[in-house]
Amino acid sequence: QVQLVESGGGLVQPGGSLRLSCAASGRIFSISAMGWYRQAPGKQRELVASITSGGSTNYADSLKGRFTISRDNAKNTVYLQMNSLKPEDTAVYYCNADLLSSSTLMRRNYWGQGTQVTVSS
């Protein structure tokens, strides 16, 4: 089937940086949009950033200028560079992909298992 596997989370001090990666694997015919969401304790999951296969990006207004999303279509991988991190960025970060499976020939949304990002001194 299809799997999304995130990596790169961890503990970082305020003002620090982290780079998250998410690789999609399995029976994939094509991937359109990929993105990152996050969910802090007691809060709803929210969009962080998304990117189309052509490279068009969309960011949560509050994160513009600090976070940068990019992707490598050849590797079916999306990245999130996070700079100037703040304690309020602490959350589980989830990868999301809208893709067409080569086994089912159906397009649907897939989620990764999530990676914890903790910003604390």
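Structure shown above.
Residues numbered from 1 in each chain as written. Predicted model: local features only at pLDDT ≥ 70, side-chain atom pairs only at ≥ 80, totals over all residues. Heavy atoms only, no water.

A. Expanded view of the packing of aromatic side chains. Inspection of every chain in the model, using the stated rule, returns one aromatic pair. Ring geometry for Y37 versus W111: centroids 5.0 Å apart, planes at 65°, classification edge-to-face. With a gap of 74 residues between them, Y37 in strand β4 (residues 28-39) and W111 in strand β10 (residues 107-111) connect regions that are remote in the sequence. The class for Y37 is partly exposed, based on a relative accessible area of 24%. It is R19 that lies over the ring of Y79; its NZ or CZ is 4.1 Å from the centre. It is R45 that lies over the ring of Y94; its NZ or CZ is 3.7 Å from the centre. (Phe/Tyr/Trp six-rings, centres within 6.5 Å; stacked < 30°, edge-to-face > 60°. Helix = DSSP H or I, 4+ residues; strand = E, 2+ residues; numbered from the N terminus. Buried < 20%, exposed > 50% of the residue type's maximum accessible area, 1.4 Å probe, protein only. Lys NZ or Arg CZ within 6 Å of the ring centre and 35° of its normal.)

B. Layout of the pattern of salt bridges. Applying the stated criterion to the full structure yields five salt bridges. R38 is paired through a salt bridge with D89; the nearest N and O atoms lie 3.0 Å apart. Of this pair, R38 sits in strand β4 while D89 sits in the loop between β8 (77-82) and β9 (91-101), and the two are 51 residues apart along the sequence. Here R38 falls in the buried class, since its relative accessible area comes to 9%. When the shortest N-O distance is used, the salt bridge between R66 and D89 registers 2.8 Å. Residue R66 is located in the loop between β6 (57-59) and β7 (67-72), and its partner D89 is located in the loop between β8 and β9; the two are separated by 23 residues in the primary sequence. Both residues of the pair, R66 and D89, count as buried. (Salt bridge = Lys/Arg side-chain N within 4 Å of Asp/Glu carboxyl O.)

C. Examining the environment of L18 more closely. Within the secondary structure, L18 sits in strand β3 (residues 18-26). Looking at L18, the relative accessible area reads 16%, which means it is buried. As for L18 and N76, which are separated by 58 residues in sequence, their C-alpha atoms are 20 Å apart. Not counting chain neighbours up to four residues away, the residues in contact with L18 comprise G8, G10, V12, L80, Q81, M82, L85 and V117. (Contact = heavy atoms within 4.5 Å.)

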